[in-house]
Amino acid sequence: MFIDEVRILVKAGDGGNGCLAFRREKYVPRGGPSGGDGGRGGDVVMVASDHYNTLLHFRFNPEHKAERGRHGEGSNKTGRDGASIEVPTPVGTMVYDAESGGLLHDFTAAGDRFVVAHGGRGGRGNARFATSTHQAPTEHEPGKPGQERRLRLELKLLADVGLVGFPNAGKSTLISRISAARPKIADYPFTTLEPNLGVVSTRDDRTFVVADIPGLIEGAHEGHGLGTQFLKHIERTRLLLHLVDVSEASGRDPVRDFDVVMSELASFSEDLAKKPMIVVATKLDAAQDPERIAALEHHAAGLHLPFLEISSVTGEGLPALIDAIAAQLFAPGSK
Ligand SMILES: Nc1nc2c(ncn2[C@@H]2O[C@H](COP(=O)(O)OP(=O)(O)OP(=O)(O)O)[C@@H](O)[C@H]2O)c(=O)[nH]1
Ligand SMILES: [Mg+2]
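Bear in mind that the values here come from a model prediction, so they are computed numbers and not experimental data.

## A closer look at the environment of Val44
Thought 1: Considering the arrangement of structural elements, one finds Val44 in strand β2 (residues 44-49).
Thought 2: Judged by its relative accessible area of 0%, Val44 falls in the buried class.
Thought 3: Taking C-alpha positions, Val44 is 47 Å from Phe190, a pair spaced 146 residues apart along the chain.

The following block contains the structure:
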């Protein structure tokens, strides 16, 4: 459930063919063999990169082919080698051969490189077959085909962002609006019983992973509601979004909701409560009373926490929220 998986096809370049040719120059009576060798095909090289943390980019781009080697030519011209291609993948990707199921490589550090498909060798041209007793060889070889492989990539997803808040605050609705995750959404508390992960892409084609977990209520650390057990799933995130329902329908006070959730977080782990946090007022479309929003905003300001307002129903505030998350996660010097 927390594993991202894709299948891709990689094809290295074929080797160029060796050439069959003889020198034919004016005034040179008997030209020797002059067919050049074919060039080598390019490799497909996977490279672990910090720029990616999901396999989403492979879904739009499942085939990766390197250039073929050029054929050899007359006058002993060797064909140019095909260019290799580099395919970036997140650190933590495990690469399996999709047919045999065998593990080919485990990318553990940024910059780690692994050739997943080797380019074919170029064929030898006929010039290479000449010997003192065999001066007019017509042998020449075709290039070897480049390796073609189906791969299965696997990545254990670690959430970058955790959603916290009361039941019904709109956590699952938010993740369903900004990612492809489709958790159950309903107008009663504890709709979400298990964490869901969603992959979100930003304007500049970066991605981050959001974890939606069950809501917290007062006394969660003593086992009320579903308790705090699910907070372990967001202990390693880098940012929390604290969702607070500011519509009247919640029947509660947003500032108090906020404080209750904060104290439940703190009683689970001080570190968790101290994580970078964005306070997000939800259900803006259903909030009639600007005072409720202003009070929460003021409260957040007092704690030096950024504050944003959204409606997952109308979409208002969602692009700004994604931008704010990306700014936190991808700021130079973060991570
Ligand atoms: N009007 C309005 N309703 C919303 C909005 N976001 C969520 N809701 C409604 O609020 C209810 C609860 O939404 P969920 O997304 O299931 O809330 P949750 O925080 O995941 O709740 P739990 O999983 O129980 O913790 C649903 O009826 C949603 O349709 C919003 O922006 N505006
Ligand atoms: Mg939910």
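## Focus on the coordination of the magnesium ion (ligand 2)
Thought 1: Summarising the metal site, the magnesium ion (ligand 2) is bound by the protein donors Ser172 (OG) and Thr192 (OG1), whose distances to it range over 2.0 Å. One end of the pair, Ser172, is in helix α2 (residues 171-178); the other, Thr192, is in the loop between α2 and β10 (196-201), with 20 residues separating them in the sequence. Thr192 matches Ser172 in its accessibility class, with the two residues each being buried.

## Points about the site of ligand 1
Thought 1: Near ligand 1 you find 23 residues, and of these Lys171, Thr173, Phe190, Thr192 and Asp285 are the closest.
Thought 2: Ser172 is positioned with one of its side-chain polar atoms (N or O) 2.8 Å from an oxygen atom of ligand 1.
Thought 3: In the model, an oxygen atom of ligand 1 is placed 3.4 Å from a nitrogen or oxygen of the Val313 main chain.
Thought 4: Computed on the free molecule, ligand 1 has an accessible area of 660 Å², of which 88% lies beneath the protein chains in the complex.
Thought 5: Its residues assigned to classes, the shell around ligand 1 comprises ten nonpolar, nine polar and four charged.

## Describing the sheet that holds strand β11 (residues 207-212)
Thought 1: Read across the open sheet, the six strands follow the order β10-β11-β9-β12-β13-β14; overall the sheet is mixed. Single-partner strands in this sheet number two, and they are β10 and β14 (307-309). Across the sheet, the axes of successive neighbouring strands diverge by a mean angle of 25°, strand direction being ignored.
Thought 2: In terms of strand pairing, strand β13 (residues 277-282) meets β14 through three bridges, oriented parallel. Residue Ala281 lies in a different strand from β14, and its bridge partner there is Glu309.
Thought 3: Packed onto the sheet, helix α5 (residues 290-302) meets β12 (239-245), β13 and β14 and runs at close to 155° relative to β14.

## Examining the pairing of strand β5 (residues 94-97)
Thought 1: Of the two faces of β5, both are covered, the one formed by Met94 and Tyr96 as well as the one formed by Val95 and Asp97.
Thought 2: When β5 meets strand β6 (residues 103-106), the two strands line up antiparallel, connected through three bridges. If you follow Val95 over to β6, its bridge partner there is His105.
Thought 3: By the bridge criterion, four bridges tie β5 to strand β8 (residues 148-156) in an arrangement that is antiparallel. From the neighbouring strand, Val95 faces β8, where its bridge partner is Leu153.

## Comments concerning the nonpolar core
Thought 1: The biggest cluster of nonpolar side chains holds 51 residues, and the ones touching the most others in it are Met46, Leu153 and Leu265.
Thought 2: Considering each element in turn, this core owes the most residues, five residues, to helix α3 (residues 254-268).
Thought 3: A domain split of this core shows at least three residues from each of domain 1 (3-156) and domain 2 (161-330).
Thought 4: Here Met46 is in contact with Phe58, Val87, Thr89, Val95, Phe107, Asp112, Arg113, Phe114, Val116, Leu151 and Leu153, once residues within four sequence places are set aside.
Thought 5: With 21 residues, the next largest nonpolar core counts Ala169, Ile175, Val200 and Leu239 among its residues.

## Quick word on the domain arrangement of the protein
Thought 1: Domain annotation for the protein reports domain 1 (3-156) and domain 2 (161-330).
Thought 2: A C-alpha centroid distance of 49 Å is found between domain 1 and domain 2.
Thought 3: Tallying the contact residues gives four residues for domain 1 and six residues for domain 2.
Thought 4: Both faces considered, domain 1 and domain 2 share a buried interface measuring about 530 Å² in area, 50% of it formed by carbon and sulfur atoms.

## Describing a negative patch on the surface
Thought 1: A surface patch of negative charge is lined by Asp285, Glu297, Glu309 and Glu316.
Thought 2: Tracing the chain through its elements places Glu297 in helix α5.

## A few points about unusual backbone geometry
Thought 1: Despite not being glycine, Asn168 shows a phi value in the positive range, around 70°.
Thought 2: Of note in the backbone geometry, Phe190 takes a positive phi value of approximately 60° without being a glycine.
Thought 3: By the secondary structure assignment, Phe190 is in the loop between α2 and β10.
Thought 4: Classification of Phe190 by relative accessible area gives partly exposed; the value is 23%.

Rules used in this analysis
Residues numbered from 1 in each chain as written. Chains lettered and ligands numbered in written order. Predicted model: local features only at pLDDT ≥ 70, side-chain atom pairs only at ≥ 80, totals over all residues. Heavy atoms only, no water. Helix = DSSP H or I, 4+ residues; strand = E, 2+ residues; numbered from the N terminus. Buried < 20%, exposed > 50% of the residue type's maximum accessible area, 1.4 Å probe, protein only. Donors = N, O, S within 2.8 Å, 3.2 Å for Na, K, Ca; no water. Near = heavy atom within 4 Å. Polar contact = N/O pair within 3.5 Å; in protein donor to acceptor, adjacent residues only side chain to side chain. Areas by Shrake-Rupley, 256 points an atom, 1.4 Å probe, with all protein chains shown as cover. Nonpolar A, V, L, I, M, F, W, Y, C, P; charged D, E, K, R; others polar. Pairing = 2+ DSSP bridges. Axes fitted to C-alpha atoms, helices over the stretch in contact; angles between N-to-C directions. Contact = heavy atoms within 4.5 Å. Core = buried A, V, L, I, M, F, W, Y, C linked by side-chain atoms within 4.5 Å. Domains from an automatic or database assignment. Buried area = accessible area lost by both parts, 1.4 Å probe. Patch = residues over 30% accessible without salt bridge, like charges linked within 9 Å, V, L, I, M, F, W, Y side chains within 5 Å. Salt bridge = Lys/Arg side-chain N within 4 Å of Asp/Glu carboxyl O. Lys, Arg positive; Asp, Glu negative; His and termini not counted. Charge placed at Lys NZ, Arg CZ, Asp CG, Glu CD.

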